[in-house]
Amino acid sequence: MPKPLMSQPELSEDDLLQRAGRGDSRAFDQLYDRMAPRLFGLLRQMLHDEREAEDILQDGFVLLWERASTFDPERSKAFTWAVMLFRHKAIDRMRMLGRRNRLVDSAALEQSTLGASFQAGADEEVQAHERHLVVGQALNELPKEQRQLIEFAFLKGLTHHVIAESLGIPLGTVKTNIRRGLLRLRDLLKGGA
């Protein structure tokens, strides 16, 4: 007579992650099924972009598979450990996107404030130095808060989110002050009041 099938107790996320760390792909699949919806919600909230969140979710689970063997249940729960991995991936992506946006904004700012393109050659170096001085003087005429936020965004390469978080001010305030500062800077560089 065959033995009746006994249902196995459901493994905890900690157990599944430890098994995945030993190369158990079925445990990893179960872990994915349990964690993916919650991690995706977190990523979507952080990135404010569903496509980016999907990309990070996929990249994050690849990283989780690669690093599962380093998980220590004595130090944290599996989900907490996973959140940290995914959060770091999301922050890296926000920084990368921020750099890309800053390059575009910087090019647009230079084009709109300085107008024409410059001839190549020795004159270009002199003109670049003169532009640097003019922009520096104009920056010094901005209100301190606007100047500081523009420097954080364009010179230090921080995203608006990181600036808001590090200074403890609302994201909308950061964006508004940077925008006002850039408009004022444009007016100053054009010789306006």
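K.L.:
Can you walk me through the packing of aromatic side chains in this structure?
P.N.:
Two descriptors summarise a pair of aromatic rings, namely the distance from one centre to the other and the angle between the planes of the rings. Counting across every chain of the model gives five aromatic pairs. Between the aromatic rings of Phe28 and Trp65, the centroid separation amounts to 5.0 Å while the plane-to-plane angle is 70°, which identifies the pairing as edge-to-face. Highlighted residues: Phe28 in helix α2 (residues 25-47) and Trp65 in helix α3 (residues 50-67), separated in sequence by 37 residues. Counting every residue linked through ring pairs, the aromatic cluster contains Phe28, Tyr32, Phe61, Trp65 and Phe86. The ring of Phe79 carries Arg38 above its face, with NZ or CZ at 4.1 Å from the centroid.

K.L.:
Any chance you could explain the confidence of the model for the protein here in plain terms?
P.N.:
Detailed reading of predicted coordinates is not advised where the pLDDT is low. Summing up the model confidence of the protein, the mean pLDDT is 81 and the portion of residues at 70 or higher is 78%. Taking the mean pLDDT of every element in the protein, the minimum, 72, falls on helix α5 (residues 122-141) and the maximum, 95, on helix α1 (residues 13-21). Below a pLDDT of 50 lies the segment residues 116-120, which in the model reaches four contacts outside its immediate sequence neighbourhood of four places, other chains included.

K.L.:
What exactly am I supposed to notice about the nonpolar core here?
P.N.:
Taken as a class, soluble globular proteins show a tendency for nonpolar side chains to be buried jointly. Counting 30 residues, the largest nonpolar core has Leu17, Leu39, Leu57, Phe61, Leu64 and Phe86 as its most contacted members. Listing elements by their share of this core, those giving two or more residues are α1, α2, α3 and α4 (78-114). Sorting elements by how many residues they give to this core places α2 first, with 10 residues. Counting 15 residues, the second largest nonpolar core, distinct from the first, contains Ala138, Leu142, Ala164 and Val174.

K.L.:
Please explain the side chain of Glu13 as it appears in this structure.
P.N.:
Locating Glu13 in the fold gives a position in helix α1. Residue classification places Glu13 among the buried positions, given a relative accessible area of 16%. A polar side-chain atom of Glu13 sits 2.2 Å from a polar atom in the side chain of Arg38. Ignoring anything within four residues of it in the chain, the contact list for Glu13 reads Leu31, Arg34, Met35, Arg38, Ala78 and Phe79.

K.L.:
Would you mind going over the packing of helix α7 (residues 160-167) against helix α8 (residues 171-190) with me for this structure?
P.N.:
Each pair of packed helices gets described by two things: the angle between the helix axes and the distance between those axes. Taken N-terminus to C-terminus, the directions of α7 and α8 make an angle of 120°; their axes are 8 Å apart at the nearest point. Our pair here, α7 against α8, has a crossing hand that is right-handed. Facing His160, His161, Ile163 and Ala164 of α7, the residues of α8 in contact are Leu171, Val174, Lys175 and Ile178. Across the contact of α7 with α8, the residue classes break down as five nonpolar, two polar and one charged.

K.L.:
What am I meant to see in the pattern of salt bridges here?
P.N.:
Charged atoms that come close allow side chains of opposite charge to pair. Counted under the stated rule, the structure contains seven salt bridges. In this structure, the salt-bridge partner of Asp14 is Lys77, at a minimum N-O distance of 3.9 Å. Taken together, the residues span a long stretch of sequence, with Asp14 in helix α1 and Lys77 in the loop between α3 and α4 at a distance of 63 residues. With its nearest N and O atoms 2.5 Å apart, the salt bridge here joins Arg93 to Glu52. Taken together, the residues Arg93 in helix α4 and Glu52 in helix α3 connect sequence positions 41 residues apart. Given the relative accessible area of 16%, Arg93 is considered buried.

K.L.:
Just to check I follow, could you spell out the environment of Ala20 for this structure?
P.N.:
For Ala20, the position within the fold is in helix α1. Taking C-alpha positions, Ala20 is 6.8 Å from Trp65, a pair spaced 45 residues apart along the chain. Excluding anything up to four places from it in sequence, Ala20 contacts Ala27, Phe28, Trp65 and Ala68.

Basis of the calculations
- Residues numbered from 1 in each chain as written.
- Predicted model: local features only at pLDDT ≥ 70, side-chain atom pairs only at ≥ 80, totals over all residues.
- Heavy atoms only, no water.
- Phe/Tyr/Trp six-rings, centres within 6.5 Å; stacked < 30°, edge-to-face > 60°.
- Helix = DSSP H or I, 4+ residues; strand = E, 2+ residues; numbered from the N terminus.
- Lys NZ or Arg CZ within 6 Å of the ring centre and 35° of its normal.
- pLDDT = per-residue confidence, 0-100.
- Contact = heavy atoms within 4.5 Å.
- Core = buried A, V, L, I, M, F, W, Y, C linked by side-chain atoms within 4.5 Å.
- Buried < 20%, exposed > 50% of the residue type's maximum accessible area, 1.4 Å probe, protein only.
- Polar contact = N/O pair within 3.5 Å; in protein donor to acceptor, adjacent residues only side chain to side chain.
- Axes fitted to C-alpha atoms, helices over the stretch in contact; angles between N-to-C directions.
- Left-handed = near helix turned anticlockwise from the far one by under 90°.
- Nonpolar A, V, L, I, M, F, W, Y, C, P; charged D, E, K, R; others polar.
- Salt bridge = Lys/Arg side-chain N within 4 Å of Asp/Glu carboxyl O.

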